[in-house]
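Survey of secondary and tertiary structure
What follows is each chain in one-letter form.
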Amino acid sequence: MITLGNKNDLTQGSVAKTLVKFAVPYLLSCFLQTFYGMADLFVVGLYNTKEVTAAVSTGSQVTHMITVIIVGLAMGVTVHTGTAAGAKDTRLAKRIFAAAVRFFFAVAVALTAAALLLTRQITAVMLTPKESVPETIRYLTICFCGIPFITVFNVVSGLFRGFGDSKRPMYFVAAACIVNVALDFLFVGAFHLGASGAALATVLGQGASAFMAAAAYFKVDHGVRLTKSDLKHDGAALQKILAVGIPVSLQDGLIQIAFTIIIIIANSRGLVFSTAVGIVEKLIGFMFLVPSSFLSAISAVTAQNFGAGKVERARRSLYCGIAVTVLWGVFCCVYSNLLPQTLVSLFTKDSAVIAAGCLYLRSYSFDCVFAAIHFCFSGYFCGCKRSAVSFIHNISSIVLIRIPGALLASAMYPDTLYPMGWAAPLGSLLSALICVGFFIAFYKRDNAQTAKSGDA
């Protein structure tokens, strides 16, 4: 049996090295997940018409929203396991994981049943172009069957990341990627199954990652081996998970709802704009991999260091994360404005879609800079159990700028997507400013309390 040792201790050594060492495997995991999501779109676009491409684009936005809700809830497992690991409290880690197993089993069953029952209604709400409705329904029906696999993967990965191990979750995702891409070419290319083939490849890939995650849980000695008696109700442990997980899940869910509304707006403007927006959303999702990976890394490092009482070390991880992710955001923004066609044309050969997508990408890409800042702050706030801040800044951004901005731009400029693309970066700018304000307020309060304790 393999043991998780001190090499995964995030409270020792260089902050920058520790953060990057944790973030890189997570980044590769995110890259692989996004890659096989983009592979679906690429292979479908290679062998099918834009009606099928639009179906996969719309359907994948829905399934991604469900995934990020589960990922957000699982953040509660990562943070509290990390805090327990920093405090060397294996008993607490075991309680947290036992509560997670019970809770996420119920979540998986409920989400799967609800999604399958409401597939047609979801397709209608998305204002899916009528030419793409049959393929979208088939795509969603198959993908919804993979929700239990997504849940298993994320709960077990949350446990490993909390203990400072981001490599094993990367291996789980790699298995999913290999299976998914290979089956994409088989089902979509060779068997001509269209959107259904892409969905089936995705679900089988998710099944492979869930199987590997379960196998790793039983193989690795992490001190959190559960027995039947451990699975009794533990309200206090569940409350800890939800105190972090619900705000993060709501935050991520609301962001996806905002993205979904933008898809709906694009769908209402016709098949060309619908396809263009779907492609650019995939590209932006790829560009967000770096800040997303650092969000997770900062949350894990912060949780372990707060558990060990090393608050200043946690703050330094935030500063380091912002520096790296903002530089990446600037690169993405510059490239997207200079050579957008090299990216959009990877997923379609339709000249009208390429032209619309390039304009949308040019303005939307500025979000990579501002989002980098609030992603890192969100990771920090989650790690120190202040995840409500992440919810506050995201709901403010969505309600005040993202959605109204997209609606206004769409109404005022019906012939181009360029103005609509500015809604996201302006929303992220507001989020970043709110995060900075909360951080300064918490910093002053924490320092005042520390000084007061010292005087006493």
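In this report, the structure presented in the accompanying data block is examined. (Residues numbered from 1 in each chain as written. Predicted model: local features only at pLDDT ≥ 70, side-chain atom pairs only at ≥ 80, totals over all residues. Heavy atoms only, no water.)

Describing the overall build of the protein chain
Helix and strand counts for the protein chain stand at 17 helices and 2 strands. Relative to the 2.2 N^0.38 estimate, which gives 23 Å for 456 residues, the radius of gyration of the protein chain is 22 Å and therefore close to what a compact globule would have. Along the three orthogonal principal directions, the C-alpha set of the protein chain runs to about 70 × 45 × 35 Å. Buried positions account for 58% of the 456 residues belonging to the protein chain. Long-range contacts, defined here as pairs at least 24 residues apart, represent 83% of the contacts in the protein chain between residues at least 6 apart. Carbon and sulfur atoms make up 71% of the accessible area of the protein chain, which totals about 18000 Å². (Helix = DSSP H or I, 4+ residues; strand = E, 2+ residues; numbered from the N terminus. Rg over C-alpha atoms; globule rule 2.2 N^0.38 Å. Buried < 20%, exposed > 50% of the residue type's maximum accessible area, 1.4 Å probe, protein only. Contact = heavy atoms within 4.5 Å. Areas by Shrake-Rupley, 256 points an atom, 1.4 Å probe, with all protein chains shown as cover.)

Concerning the packing of aromatic side chains
Across all of its chains, the model carries 21 aromatic pairs by this definition. Measuring from ring centre to ring centre gives 5.5 Å for F288 and F375, while their planes differ by 65°; the resulting arrangement is edge-to-face. Of this pair, F288 sits in the loop between α10 (271–287) and α11 (289–307) while F375 sits in helix α15 (residues 367–383), placing them 87 residues apart in sequence. Taking the relative accessible area as the measure of exposure, F375 reaches 14% and is therefore buried. (Phe/Tyr/Trp six-rings, centres within 6.5 Å; stacked < 30°, edge-to-face > 60°.)

Concerning the pattern of salt bridges
Summed over all chains, the structure comprises 5 salt bridges. Residue R95 is joined to D234 by a salt bridge in which the shortest nitrogen-to-oxygen separation is 2.8 Å. In this pair, R95 sits in helix α3 (residues 90–117) while D234 sits in the loop between β2 (220–221) and α9 (235–267), placing the two residues 139 residues apart along the sequence. The closest approach of N and O atoms between R402 and D367, which form a salt bridge, is 3.9 Å. Here the residue R402 occupies a position in helix α16 (residues 388–412), and D367 occupies one in helix α15, the gap between them amounting to 35 residues. Residue classification places D367 among the buried residues on the basis of a relative accessible area of 0%. (Salt bridge = Lys/Arg side-chain N within 4 Å of Asp/Glu carboxyl O.)

A few points about the packing of helix α2 (residues 50–86) against α9
Working note: a packed helix pair is described by the angle between its axes plus the distance between those axes. One can describe the packing of α2 onto α9 by two numbers: an axis separation of 7 Å at closest approach and a directional angle of 165°. It follows that α2 is roughly antiparallel to α9 by the angle criterion. Seen from above, α2 lies across α9 with right-handed handedness. Here the contact of α2 with α9 is composed, by residue class, of 15 nonpolar, 12 polar and 2 charged. (Axes fitted to C-alpha atoms, helices over the stretch in contact; angles between N-to-C directions. Parallel < 35°, antiparallel > 145°, perpendicular 65-115°, else oblique. Left-handed = near helix turned anticlockwise from the far one by under 90°. Nonpolar A, V, L, I, M, F, W, Y, C, P; charged D, E, K, R; others polar.)

Details of the packing of α10 against α11
Where α10 meets α11, the closest approach of the two axes is 4 Å, and the angle between their N-to-C directions is 45°. On the basis of the axis angle, α10 is oblique to α11. Within the contact between the two elements, α10 uses G285, F286 and M287 and α11 uses L289, V290 and P291. Looking at the contact of α10 with α11 residue by residue, the class counts come to 5 nonpolar, 1 polar and no charged.

Remarks on the side chain of T81
Considering the arrangement of structural elements, one finds T81 in helix α2. One polar contact links the side chain of T81 to the main-chain carbonyl oxygen of V77, over a distance of 2.6 Å. The residues touching T81, leaving out its near neighbours within four places in the chain, are A93, I96, L159, G162 and F163. (Polar contact = N/O pair within 3.5 Å; in protein donor to acceptor, adjacent residues only side chain to side chain.)

With respect to a nonpolar patch on the surface
On the surface, V330, F331, V334, Y335, L338 and L339 cluster together to form a nonpolar patch covering roughly 540 Å² of accessible area. Tracing the sequence through the fold places V330 in helix α12 (residues 311–338). (Patch = residues over 30% accessible without salt bridge, like charges linked within 9 Å, V, L, I, M, F, W, Y side chains within 5 Å.)

Thoughts on the environment of T58
Within the fold, T58 resides in helix α2. Note on T58: relative accessible area 2%, which makes it buried. Along the sequence, T58 and G245 sit 187 residues apart, while their C-alpha atoms lie 26 Å from each other. When near neighbours in sequence (up to four residues on either side) are disregarded, T58 contacts M126, T128, I263 and N267.

Brief notes about the environment of T151
Of note, T151 is situated in helix α6 (residues 147–162). Relative accessible area serves as the criterion here: at 3%, T151 is assigned to the buried category. It is 19 Å that separates the C-alpha atoms of T151 and T119, two residues lying 32 residues apart in sequence. Apart from residues lying up to four places away in sequence, T151 is in contact with I70, F104 and A108.

Section: α16
Here α16 is 25 residues long and its end C-alpha atoms lie 35 Å apart, about the 36 Å a rise of 1.5 Å per residue gives. At I398, α16 is deflected by roughly 45°, the largest bend along its length. Residues of α16 that are buried include every one of V389, S390, H393, N394, S396, S397, I398, R402, I403, A406, A409 and S410, and no others. (Expected span 1.5 Å × (residues − 1). Bend = angle between axes of the 7 residues up to and from the residue.)

A short note on the environment of L408
Following the sequence through the fold, L408 ends up in helix α16. With relative accessibility at 52%, the residue L408 sits in the exposed group. Note: C-alpha distance between L408 and M420 (12 residues apart in sequence) is 8.0 Å.

Some remarks on α6
Its 16 residues place the ends of α6 22 Å apart at the C-alpha level, agreeing with the 22 Å of an ideal helix rising 1.5 Å per residue. Looking at the residues trailing α6, positive phi occurs at G164, about 85°.

Observations regarding the state of the cysteines
Summed over the entire model, instances satisfying the criterion amount to 0 disulfides. In this structure C333 is not part of a disulfide, and its nearest cysteine sulfur, from C368, lies 7.0 Å away. Take C333: its relative accessible area is 7%, and that puts it in the buried class. C384 takes part in no disulfide bond, and the closest cysteine sulfur, belonging to C382, lies 8.4 Å away. By relative accessible area, which is 9% here, C384 ends up buried. (Disulfide = S-S within 2.5 Å.)

So, unusual backbone geometry
Positive phi outside glycine occurs at K88, with the angle close to 60°. Positionally, K88 belongs in the loop between α2 and α3. The backbone of H192 shows a phi angle near 55°, a positive value even though the residue is not glycine. Among the secondary structure elements, H192 is positioned in the loop between α7 (167–190) and α8 (194–219). A relative accessible area of 59% means that H192 is categorised as exposed.

In short, the description is geometric, and any link to function would need to be established separately.
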